[in-house]
Amino acid sequence: MTKVAIIGTGPCGLSMLRAFEQAEKKGEKIPEVICFEKQEDWGGLWNYSWRTGSDQYGDPVPNSMYRYLWSNGPKECLEFADYSFDEHFGKPIPSFPPREVLYNYIIGRVSKGNLKDKIKFNTKVTNVFYNSDKFEVSYQNKTNGEISKDNFDYVVVSTGHFSVPFIPQYKGMDSFPGRIMHSHDFRDAEEFRDKNVIVLGSSYSAEDVALQCNKYGAKSVTIGYRHNPMGFKWPKGMKEVYYLDRLEGKKAIFKDKTEQEADVIILCTGYLHHFPFLDENLSLRTGNRLYPPKLYKGVVWQDNHKLIYLGMQDQFHTFNMFDCQAWYARDVIMGKIQIPNDSEIEKDISKWVSMEEKLENPDQMIDFQTEYTKELHEMSNYPKIDFELIRKHFKEWEHHKVEDILTYRNKAFSSPVTGSVAPVHHTPWASAMDDSMKTFLNK
Ligand SMILES: Cc1cc2nc3c(=O)[nH]c(=O)nc-3n(C[C@H](O)[C@H](O)[C@H](O)COP(=O)(O)OP(=O)(O)OC[C@H]3O[C@@H](n4cnc5c(N)ncnc54)[C@H](O)[C@@H]3O)c2cc1C
Ligand SMILES: NC(=O)c1ccc[n+]([C@@H]2O[C@H](COP(=O)([O-])OP(=O)(O)OC[C@H]3O[C@@H](n4cnc5c(N)ncnc54)[C@H](OP(=O)(O)O)[C@@H]3O)[C@@H](O)[C@H]2O)c1
């Protein structure tokens, strides 16, 4: 019997488990699946942890999410085709839920069956080698340190790529008298009330961490971008300036000559794709981009078609794209989809990579990832979902952000699965200080 290892039970690993479960429900004979998760529970980044640094076993904490984190895109754009928000919550809910609500939704889909039986929790995969047609997987039980080995026909890497921070160095950091941290370790904006905060970066973490600090009472927030400013209309107390040059004592000096007193520097400088458990010739090397090279259909490792990567792309689309990837991967593993010859693979990867390299603005990037996801969707029996509506929603959302970065989360969108329209949330995001599920759902 074919044997499959799934590494990680964040949204991608759970999509993979769900894909097999759905095939089994239809009476198909599925492979033997063993899933490894180094945390004590499933959900990946959505399974919030207060911890930073190492966990109780000395293992780096993968969590990068923080208190008061809300969805940064409309929930309708990530909705599962086989499990709508209406089905889970029993009624339409607003479009931008806080983390706890999305976590509840992700977990709701997989909790009904016996999928947990397939998962070894608190178990970290430490080594993967390919040897005479099999993968040898070594894993460690973190609670007792015991190391075991097993052989598999396929390995699915769903370990995420927003857990290992990229930490650059700037002149003067050594002698800066305040705190220097990465957004990976950011947990609660309340900590920075009345402080002068410097945020470095110009992507989603920089945007949201800066806004959180402003919302929860920072004295000032100065964002230093490197290449392109985000350019939003920032609220009072916030500004965006060009590239940090150096720190001199408590002073941050930027290349556009701005000088700002600083209590804390938050590096929102992104993450590394990091696979210390994979043999070198199996390891994906890429930055955070929409089409990492060497992945056929964004999923199958070019040099070994029995190695599958899920969710390694930079992400507009998330949960339903992960599902399309998982359903496709399942059908490859179960022999329902044939992988073409090497030159076809090379041609297909080059086509997508060269299109990606020409993308110039968010609308084009949304189109690119929508086309990619649609192509995958057509290759499996993943249920019907309106990707054209999702494309339209993403573009509208981008424009809402440009109109007003403080109000875009107050908007309402329609479901690509059920067609129902979300209600407007009872409290505008900028004044909603309590992000609990109870308050959000008005229970
Ligand atoms: C701060 C932040 C906010 C975000 N907000 C949103 C949002 O609002 N909306 C959205 O759609 N997306 C958001 N994302 C994107 C997020 O990456 C995806 O939603 C999703 O979590 C990706 O799922 P994943 O399964 O690929 O990875 P993860 O969620 O990272 O899960 C990977 C899992 O693999 C496990 N693992 C790793 N290594 C090993 C190993 N060696 N052995 C065993 N297990 C291992 C980890 O413990 C983890 O459980 C956000 C990301 C970040 C960092
Ligand atoms: N729900 C939410 O509200 C929320 C909040 C935070 C994050 N997220 C998600 O988290 C994921 C990761 O986002 P991210 O912003 O952490 O990573 P990211 O999108 O990969 O962006 C990394 C940023 O770091 C900057 N950078 C890298 N090196 C730098 C340096 N030396 N100096 C200054 N800037 C530097 C890059 O700037 P250049 O462009 O100049 O290279 C880029 O702006 C995304 O999927 C996002 O959606 C969601």
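Our structure is the block above this text.
Caption draft 1: Spatial organisation of the overall build of the protein chain. Per the secondary structure count, the protein chain includes nine helices and 18 strands. Taken over C-alpha atoms, the radius of gyration comes to 22 Å for the protein chain, in line with the 22 Å a tight globule of 443 residues would show. For the protein chain, the C-alpha atoms occupy an extent of roughly 65 × 50 × 45 Å along the three principal directions. Taking the contacts inside the protein chain whose residues are at least 6 apart along the sequence as the reference set, 67% of them involve residues at least 24 apart. Looking at the protein chain as shown, the accessible area adds up to about 18,700 Å², and 48% of this sits on carbon and sulfur atoms.

Caption draft 2: Summary view of the pattern of salt bridges. All told, the structure shown has 38 salt bridges when counted by the stated rule. In this structure, the salt-bridge partner of E28 is K336, at a minimum N-O distance of 2.7 Å. Taken together, the residues E28 in the loop between α1 (11-25) and β2 (32-36) and K336 in the loop between α5 (319-333) and α6 (342-357) connect sequence positions 308 residues apart. Taking the shortest distance from any N to any O, the salt bridge between R330 and D331 comes out at 2.9 Å. By relative accessible area, which is 1% here, R330 ends up buried. For D331, a relative accessible area of 5% puts it in the buried group. Each of D367, E371, K374, E388, R391 and K395 takes part in a single network of salt bridges with overlapping partners.

Caption draft 3: Quick look at the site of ligand 1. Lining the immediate surroundings of ligand 1 are 31 residues, of which C12, E37, L45, V125 and T318 lie closest. Contact between ligand 1 and C12: an oxygen atom at 2.9 Å from a main-chain N or O atom of the residue. Separating a nitrogen atom of ligand 1 from a backbone N or O atom of K38 is a distance of 3.1 Å. In isolation ligand 1 exposes 980 Å². Once the protein is present, 93% of that is buried. Of all elements in the fold, only α1, β4 (123-131) and α5 reach the threshold of two or more residues within the shell around ligand 1. The leading source of residues in the shell around ligand 1 is β4, at three residues. Considering only residue class, the shell around ligand 1 consists of 15 nonpolar, 13 polar and three charged.

What counts as what
- Residues numbered from 1 in each chain as written.
- Chains lettered and ligands numbered in written order.
- Predicted model: local features only at pLDDT ≥ 70, side-chain atom pairs only at ≥ 80, totals over all residues.
- Heavy atoms only, no water.
- Helix = DSSP H or I, 4+ residues; strand = E, 2+ residues; numbered from the N terminus.
- Rg over C-alpha atoms; globule rule 2.2 N^0.38 Å.
- Contact = heavy atoms within 4.5 Å.
- Areas by Shrake-Rupley, 256 points an atom, 1.4 Å probe, with all protein chains shown as cover.
- Salt bridge = Lys/Arg side-chain N within 4 Å of Asp/Glu carboxyl O.
- Buried < 20%, exposed > 50% of the residue type's maximum accessible area, 1.4 Å probe, protein only.
- Near = heavy atom within 4 Å.
- Polar contact = N/O pair within 3.5 Å; in protein donor to acceptor, adjacent residues only side chain to side chain.
- Nonpolar A, V, L, I, M, F, W, Y, C, P; charged D, E, K, R; others polar.

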